[in-house]
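Chain by chain, the residues:
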Amino acid sequence: MAQKFFLGGLSAILVVAVVVGVVATVTRSGNKAGDNFTVPGEATLATSGKSVKSLCAPTLYKESCEKTLTQAANGTENPREVFQSVAKVALESLKSAYERSQTIGDGKSSDPMTKSAREDCKKLLDDSVDDLKGMVEMAGGDVKVLFSRSDDLEHWLTGVMTFIDTCADGFADEKLKADMQHVLRNATELSSNALAITNSLGAIFKKLDLDMFKKDSRRRLLSEQDEQGWPVWMRSPERKLLASGDRNRPQPNAVVAKDGTGQFKSIQEAVNAMPKGHQGRYVIYVKAGLYDEIVMIPKDKVNIFMYGDGPKRSRVTGRKSFADGITTMKTATFSIEASGFICKNMGFHNTAGAERHQAVALRVQGDLAAFYNCRFDAFQDTLYVHARRQFFRNCVISGTIDFIFGNSAAVFQNCLIITRRPMDNQQNSVTAHGRTDPNMKSGLVIQNCRLVPDQKLFPDRFKIPSYLGRPWKEFSRLVIMESTIADFIKPEGYMPWNGDFGLKTLYYAEYNNRGPGAGTSKRVNWPGFRVIGRKEAEQFTAGPFIDGATWLKFTGTPHILGFKL
């Protein structure tokens, strides 16, 4: 007999019936799941007959989805088990792809770039397997927890798909890249199906607005929260610190100082010294100095709070670049793979120079990362917002080509975005977003920022073309709103990546911008570009887009969840 759950007075059968009915209604009407729907009457099994087709309707790969649900879900009427089934199949496919991927490029193992790409794939696919394992385990628990965290699941699945894409993109050899894409194809399709189904289920449960899914109690991120809404691991002094912004400095667990007045002379040493299983924030104070080192915050070093004496005083610098025969990932001066990273008052640089092409100052793939009063300087590919959710406030970002790029859901508020002078034969593009699937919960949002040329570019700002962005991947998404755009931006605003690639499927939007470069009358006439109104723009504010209401208050970072006015 199928297991029954009671959800706020509705049995799991009824909930799944609603799910099936809604998805079917949405499919027929062409609307997005969760928009306008009515509750059907009689319940039917969620994973049999027409119901399978209905659940798979929002997916891009319907044949593999229907096969997965028919075989793996085994007629279950439990929504938790539906998700668990699609996640398990994606996990097994990814494990298989991981094993097969290890042989790609064997014949060119002496080539530095191929070696670098193989190493990246091993790491990225391993991270993806770990993430999917965690989601499968979550699906084995309380159904209330699972669907109250649907937003998290969507972002994590987007991250898994991003890592798969990054793995293949790392190969400079086109044949090896195609071989890797072939090996990963099934895992890509099944992960995409899991994401589409999760999107639909999550939207429907939110629409139902059952008491257990209400926003004020529906999620506990990173840890449980107490009655005041603070994470239980957060000590009272930390709460006072975060509530007071920068007026106080926390007592650090580790002090880094070039002059020997701290416990460590390098940042990496301080990170490595963080005890395994440390509870609460691990605070690292980086004293004024120029730290010439490559820093990695590995995924097991969660909840680090790092602060310095100012972005021009506490600086980290490196000079690795694509010209060194390594992948873009490996060029980063500072990389963050752990969740819950907070950084204040620091600068990050890559000084390789424009002539050495891709050279990243900071790469961040850790979820729920926040940066306040930080600076990021390089030329091409300065800031790699690789995956998951990030927030930047009162930061300075400078560069030339695609200098804010990646496939995260990232919001930039009150930032100064500076376009530098590139080489004479180059064009500038502020952003390049890497969304490869329309269901991905990712995009770049620039809100209440200033976009300006630097002093060296200023005299030639009309001679050297500068654009707001170009579509790196097919479903690239960029929203610029309430921002000041200087006159150096070309009137058309955006440049193509390669011919008409992505021009119909991208989402580029502008809302309520100002300044001489903000006029939209001469913008590109691509099908994917639009000037939007307040209602459409609202979904890209920090509250809904990166779930800011649930975690930004714990970072101590000033923020606006909606519009500035």
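Anything mentioned here points back to the structure above.
Once a new chain begins, its residue numbering starts again from 1 and follows that chain's sequence as written. Only residues with pLDDT of at least 70 are given local features in this predicted model, and only at 80 or more are side-chain atom pairs given and counted; all residues enter the totals for whole chains, interfaces and linings. Water and hydrogen atoms play no part in the side-chain values, which are based on all heavy atoms of the structure.

**Q** Looking at this structure, how should I read the sheet that holds strand S12 (residues 362-364)?
**A** Note: strands within a sheet are paired through backbone hydrogen bonds, in either parallel or antiparallel orientation. Note on pairing: DSSP must find at least two bridges between two strands before they are called paired. Working definition: helices are DSSP H or I runs of at least four residues, strands are E runs of at least two. Numbering for both runs from the N terminus. Taken in spatial order, the seven strands of this open sheet run S6-S9-S12-S15-S18-S21-S24, and their pairing is parallel. Two strands lie at the open edges of the sheet, namely strand S6 (295-297) and strand S24 (466-469), each paired on one side alone. The sheet shows a mean angle of 10 degrees between the axes of neighbouring strands, taken without regard to direction. Note that S12 and strand S15 (residues 383-385) share three bridges and pair parallel. When the sheet's bridge partners are listed, Arg363 is paired in S15 with Tyr384. Where helices are involved, their axes are fitted lines through C-alpha atoms of the stretch in contact, as for all axes, and angles between N-to-C directions lie from 0 to 180°.

**Q** What am I meant to see in the state of the cysteines here?
**A** A disulfide bridge is the covalent bond that connects two cysteines by way of their sulfur atoms. Whenever a pair of cysteine sulfur atoms sits within 2.5 Å, that pair is classed as a disulfide. With the rule as written, the count across this model stands at two disulfides. Each sulfur of the disulfide joining Cys56 and Cys65 lies 2.1 Å from the other. Given an S-S torsion of about -80 degrees, the disulfide between Cys56 and Cys65 has left-handed geometry. Think of it in three bands: residues with accessible area under 20% of the maximum for their type are buried, residues over 50% are exposed, and the middle band is partly exposed, with areas taken using a 1.4 Å probe on protein chains only. Using a relative accessible area of 1% as the deciding quantity, one classes Cys65 as buried. The disulfide partner of Cys121 is Cys167, and the gap between their sulfur atoms is 2.0 Å. Judged by the sign of its S-S torsion, about 100 degrees, the cystine formed by Cys121 and Cys167 is right-handed. Taken as a pair, Cys121 in helix H5 (residues 112-139) and Cys167 in helix H7 (residues 150-169) lie far apart in primary sequence, 46 residues in all. By the burial criterion, Cys121 is buried, and Cys167 matches it. Counting only the cysteines that take part in disulfides, in the order they occur along the protein chain, gives the pairing 1-2, 3-4. Residue Cys395 stays outside any disulfide, its sulfur separated by 4.7 Å from that of Cys415, the closest cysteine. Cys415 forms no disulfide, and the closest cysteine sulfur to it belongs to Cys449, at a distance of 4.6 Å.

**Q** Explanation requested: the packing of H5 against H7 in the structure shown.
**A** Between two packed helices, what matters for the description is the angle formed by their axes and the separation of those axes. Following both chains from N to C, one finds H5 and H7 inclined at 160 degrees, their axes separated by 9 Å at the closest point. When the axis of H5 is compared with that of H7, the two are roughly antiparallel. The interaxial crossing formed by H5 with H7 has left-handed handedness. Residues Cys121, Leu124, Leu125, Asp127, Ser128, Asp131, Leu132, Met135 and Met138 of H5 pack against Leu153, Trp156, Leu157, Val160, Phe163, Ile164, Thr166, Cys167 and Ala168 of H7. Note that the term roughly parallel is reserved for angles under 35 degrees, roughly antiparallel for angles over 145, roughly perpendicular for angles of 65 to 115, and oblique for everything else. Helix crossings are classified by the rotation of the near helix relative to the far one: an anticlockwise turn of less than a right angle makes the crossing left-handed, while a clockwise turn makes it right-handed. Whether two residues are in contact is decided by their heavy atoms: any pair within 4.5 Å suffices.

**Q** Help me understand the pattern of salt bridges, please; the structure alone is not making it clear to me.
**A** A side chain of one charge can pair with a side chain of the opposite charge if their charged atoms are brought near each other. Should a side-chain nitrogen of Lys or Arg be within 4 Å of a carboxyl oxygen of Asp or Glu, the pair is scored as a salt bridge. Scanning all chains against the criterion turns up 30 salt bridges. We note a salt bridge from Lys123 to Glu337, for which the minimum N-O separation is 2.7 Å. Linking Lys123 in helix H5 with Glu337 in the loop between strand S9 (334-336) and strand S10 (342-344), this pair joins segments that are 214 residues apart in sequence. Lys123 sits in the partly exposed class, given a relative accessible area of 31%.

Honestly, it's all geometry; don't read function into it.
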